[in-house]
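What follows is the residue order along each chain.
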Amino acid sequence: MLKIFSAGNILDAYLVQSLLAEAGIETQIFNEFAQGGTGEIPFTQAYPEIWLINENDLSDAKKIIASFEQRPHETGTSVCKNCDEPNPDTFEVCWRCGTVLHTPSHG
Ligand SMILES: [Zn+2]
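Scoring rules and cut-offs
- Residues numbered from 1 in each chain as written.
- Predicted model: local features only at pLDDT ≥ 70, side-chain atom pairs only at ≥ 80, totals over all residues.
- Heavy atoms only, no water.
- Helix = DSSP H or I, 4+ residues; strand = E, 2+ residues; numbered from the N terminus.
- Buried < 20%, exposed > 50% of the residue type's maximum accessible area, 1.4 Å probe, protein only.
- Contact = heavy atoms within 4.5 Å.
- Polar contact = N/O pair within 3.5 Å; in protein donor to acceptor, adjacent residues only side chain to side chain.
- Donors = N, O, S within 2.8 Å, 3.2 Å for Na, K, Ca; no water.
- Tetrahedral: all angles 85-135°; square planar, octahedral: opposite > 155°, others 65-115°.

Caption draft 1: Local environment of the environment of Arg96. Mapping Arg96 onto the fold places it in the segment after β5 (86–88). Under the relative-accessibility criterion, Arg96 is labelled exposed at 52%. In the structure, Arg96 is positioned 14 residues away from Asn82 in sequence and 9.8 Å away in space, judged by C-alpha atoms. Non-local contacts of Arg96, meaning those with residues more than four positions away in its chain, are made with Cys83 and Glu85. Among the polar contacts made by the side chain of Arg96, one reaches the side chain of Glu85 at a distance of 2.8 Å.

Caption draft 2: Just the coordination of the zinc ion, in detail. Coordination of the zinc ion by the protein involves Cys80 (SG), Cys83 (SG), Cys94 (SG) and Cys97 (SG), with metal-donor separations of 2.3 Å. Coordination at the zinc ion is tetrahedral: its four donor atoms span angles of 105 to 117 degrees at the metal. Coordination of the zinc ion draws on donor residues from a single chain, spaced C-x2-C-x10-C-x2-C in sequence. Overall, the relative accessible area of 2% leaves Cys94 in the buried class.

In structure tokens form, the structure reads like this:
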């Protein structure tokens, strides 16, 4: 077996594994339960790892992982109610028209 990917979190690991599975590539996740569990905190933080069952799949697996890593990172966006312009979630007012994006919730 061959380690092909170290995921930042278990959701990424599952996502990559499912992408590989769609391509008919068998993998095994290690450290699946290393994070978010109860009990002792490991001395060194272990990230979920994806290991390739069949090393012949390596080149295909690498392509799939490369495209996974190149996807745009999902950041929250707030769409302006006034002009429908998407704004980064961190913006408080629309960069385009100045409308307040986040209405304070009452209660
Ligand atoms: Zn706007």
